[in-house]
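The residues making up each chain are set out below.
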Amino acid sequence: QVQLVESGGGLVQAGGSLRLSCTASGRTFSRYAMAWFRQAPGKERERVAAISTSGGSTNYADSVKGRFTISRDNAKNTVYLQMNSLKPEDTAVYYCAGRLPVIVRYDYWGQGTQVTVSS
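Procedures and definitions
- Residues numbered from 1 in each chain as written.
- Predicted model: local features only at pLDDT ≥ 70, side-chain atom pairs only at ≥ 80, totals over all residues.
- Heavy atoms only, no water.
- Pairing = 2+ DSSP bridges.
- Helix = DSSP H or I, 4+ residues; strand = E, 2+ residues; numbered from the N terminus.
- Axes fitted to C-alpha atoms, helices over the stretch in contact; angles between N-to-C directions.
- Disulfide = S-S within 2.5 Å.
- Core = buried A, V, L, I, M, F, W, Y, C linked by side-chain atoms within 4.5 Å.
- Buried < 20%, exposed > 50% of the residue type's maximum accessible area, 1.4 Å probe, protein only.

1. Digging into the sheet that holds strand β7 (residues 68–73)
Pairing is antiparallel across the open sheet formed by four strands, whose spatial order is β1-β3-β8-β7. Both outer strands of the open sheet, β1 (4–7) and β7, are each paired with one neighbouring strand and no more. For this sheet, the mean inter-axis angle between neighbouring strands, taken without regard to orientation, is 15°. In terms of strand pairing, β1 meets strand β3 (residues 18–24) through four bridges, oriented antiparallel. In the sheet register, Glu 6 faces β3, and the bridge partner there is Cys 22.

Next comes the structure, spelled out in structure tokens:
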């Protein structure tokens, strides 16, 4: 079991940057593949970035490629999402999620943090 807590959301102007953090409880964080999802009002949840257990492999949605960077620090039980060149369409609630690599479904979710990008 792992519990996830996000932080770092807020209000930023278009073109600005934010860094989201997600800290996990427990001693087994390094066993979990992690991802960031987002959901805007009236839209489906979208996976924006994912990272492997070691951090050696990452994957991004086309909508954020080149602007967002996912990383992790297993010693600090934390996964990050650096968001640059933010656009109003990036406005959403952002969630971090974790799964064991042998399982496709993300079983562990944080409570979410609001990101609002003003034009």
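2. Re the state of the cysteines
Applying the stated rule across the entire model yields one disulfide. Paired through a disulfide, Cys 22 and Cys 96 show a sulfur-sulfur distance of 1.9 Å. Judged by the sign of its S-S torsion, about 45°, the cystine formed by Cys 22 and Cys 96 is right-handed. Here the residue Cys 22 occupies a position in strand β3, and Cys 96 occupies one in strand β9 (residues 92–99), the gap between them amounting to 74 residues.

3. Observations regarding the nonpolar core
Of all hydrophobic cores here, the largest spans 30 residues; its most connected members are Trp 36, Leu 81, Met 83 and Tyr 94. Those elements giving two or more residues to this core turn out to be β3, β4 (33–39), β5 (46–51), β7, β8 (78–83), β9 and β11 (113–118). Sort the elements by how many residues they give to this core and β3 lands first, with four residues.

4. Considering the pairing of β9
If a strand is regular, its side chains alternate between the two faces of the sheet. Of all eight residues in β9, six are buried; the element is thus mostly enclosed. In this structure, β4 lies alongside β9, joined through seven bridges in antiparallel fashion. Paired with Arg 38 across the bridge in β9 is Tyr 94. Summarising the sheet, β9 and β11 pair through three bridges and their orientation is antiparallel. Residue Val 93 lies in a different strand from β11, and its bridge partner there is Gln 114. Across two bridges, the pairing between β9 and strand β10 (residues 108–109) is antiparallel.

Keep in mind these values describe shape, not function.
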